[in-house]
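So the chains spell out like this:
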2 protein chains.
Amino acid sequence: MNFLEERILKDGQVLNSDILKVDSFLNHQLDVELLDRIGDEFYERFKDDGITKIVTIEASGIAIAVMTARKFGVPVVFAKKARSRNLDAEVLISTVHSFTYNRDYTITVSRKYLEPDDRILIVDDFMANGLAAEGLISLCEQAGADVAGLGICVEKGFQEGGKSIRAKGYRIESIAIIDEMSENMIKFREQ
Amino acid sequence: MNFLEERILKDGQVLNSDILKVDSFLNHQLDVELLDRIGDEFYERFKDDGITKIVTIEASGIAIAVMTARKFGVPVVFAKKARSRNLDAEVLISTVHSFTYNRDYTITVSRKYLEPDDRILIVDDFMANGLAAEGLISLCEQAGADVAGLGICVEKGFQEGGKSIRAKGYRIESIAIIDEMSENMIKFREQ
């Protein structure tokens, strides 16, 4: 078992077969030492891929992105969930459906921060249905940039996101993949 | 002139006497090396204050908080801007008025991540009218925690936030304070 799987078993809270709370260390309170190890892990897996930028989506992806970007020595660009008044007119836009809130939302990134010669590593805390990740991939590709891969902390392997995005040819590196869970049990995929 | 003031002059964009865009390095694209220096600066100023936690608000505060927390070796807790469905029932709540969007919004933090024996450093990218900072102070004090101070990257010295919060006895350390600006000029306060 790796460091993140161990931490999930120790401090994660399975609310039901679908919802895992990791807000004591990954997306509300943040254990910076753990984030540092996550950054090391993504660096290890993508260090030979010529990454020029780390892309994520606000809010919980930002901490992971920053700690990963430190290792690569490259900038972060985070997509915003609604068009902010202070953002440039020159934005790339993608629409994402949220099942949690049962509505569509728009994600945007300023066109000038994604360039055709960028090699992008997309990172996020969770992947479930993969719709947020697909929105981020779309933003990168609208800019003509190359998506070198996706670094995910916790993939819900029992949902379709990972399968569907891998089937499109993208490389996803998930530190922990959960194949099944209940209040008493979390089953990680052997990797 | 310090490193952040220099960077603001170089890459900041003054849209009018009120709006400074720093989204090429501080709150949309993130220069991680600069964030690292900001973390060093806050550490230098608060290292003797027994800080146990860094508190900020999503989204743009998170990167700064994480890079600051690294230096102190303490966790980050970030307040959320709307009550998320996956958040505990046990949350502390404060209401903040946004002049940018002309509406009130609710910020929340899970009660279990702020404790009476915490010594909090609040950090954020900007301080203008100070209402977000006052909301964060309120969350900390509802938990019975001590607010050791506030670390702000860019304070708009021509707005009331800094003055009003200092008048209540809080220590604010702003790396750059802008006293006046226009399309051709940014005047920093001598510190």
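Data block above holds the structure.
These numbers were taken from a predicted model, which means no experiment stands behind them.

Draft legend 1. Structural detail: the pairing of strand S6 (residues 91-98) of chain B. All names here are of chain B. In this sheet, strand S7 (residues 103-110) lies alongside S6 in antiparallel orientation, the contact comprising eight bridges. For Ile-93, the partnering residue across the bridge sits in S7 and is Thr-108. Between S6 and S7, which pair antiparallel and follow one another directly, the connecting turn spans four residues, one of which, Asn-102, has a positive phi of 50°.

Draft legend 2. The arrangement of the sheet that holds strand S9 (residues 146-156) of chain A in detail. Here we have seven strands laid out as an open sheet, ordered S11(A)-S10(A)-S9(A)-S8(A)-S4(A)-S5(A)-S3(B), and mixed in their pairing. Each edge of the sheet is formed by a strand with only one pairing partner; in this case those strands are strand S11 (185-188) of chain A together with strand S3 (29-30) of chain B. Against the sheet, helix H2 (residues 32-46) of chain A contacts strand S8 (119-127), S9 and strand S10 (172-182) of chain A, and its axis sits at roughly 140° relative to S9 of chain A. Across the sheet, helix H4 (residues 131-142) of chain A touches strand S4 (53-57), strand S5 (76-79), S8 and S9 of chain A, and the angle it forms with S8 of chain A is around 165°.

Draft legend 3. Representation of the nonpolar core within the structure. Among the nonpolar cores identified, the biggest contains 124 residues, and Val-66 of chain A together with Val-66 of chain B are the most heavily contacted of them. Aside from chain neighbours lying at most four places away, what touches Val-66 of chain B is Leu-30, Val-32, Leu-35, Ala-63, Val-66 and Met-67 of chain A together with Val-76 of chain B.

Draft legend 4. Region of interest: the interface of chain A and chain B. At the interface, 26 residues of chain A touch 26 residues of chain B. Of all the secondary structure elements, the ones that give two or more residues to the side of chain A that touches chain B are strand S3 (29-30), H2, helix H3 (61-72) and S5 of chain A. Direction of pairing for S3 of chain A relative to strand S5 (residues 76-79) of chain B: antiparallel, over a ladder of two bridges. Looking at S5 of chain B, one finds that Leu-30 of chain A is bridged to Val-76 of chain B.

Draft legend 5. Looking closely at the pairing of S8 of chain A. Residues and elements named next belong to chain A. Among the nine residues that make up S8, eight are buried, leaving the element largely enclosed by the rest of the structure. Pairing between S4 and S8: three bridges, direction parallel. Note that in S8 the partner of Ile-54 across the bridge is Leu-121. Each parallel crossover has a hand, and the one from S8 via H4 to S9 is right-handed.

What counts and what doesn't
- Residues numbered from 1 in each chain as written.
- Chains lettered and ligands numbered in written order.
- Predicted model: local features only at pLDDT ≥ 70, side-chain atom pairs only at ≥ 80, totals over all residues.
- Pairing = 2+ DSSP bridges.
- Helix = DSSP H or I, 4+ residues; strand = E, 2+ residues; numbered from the N terminus.
- Contact = placed C-beta atoms within 7 Å.
- Axes fitted to C-alpha atoms, helices over the stretch in contact; angles between N-to-C directions.
- Core = buried A, V, L, I, M, F, W, Y, C linked by C-beta atoms within 7 Å.
- Buried ≥ 20, exposed ≤ 12 C-beta atoms within 10 Å, placed from the backbone.
- Right-handed = clockwise from strand over helix to strand, strands pointing away.

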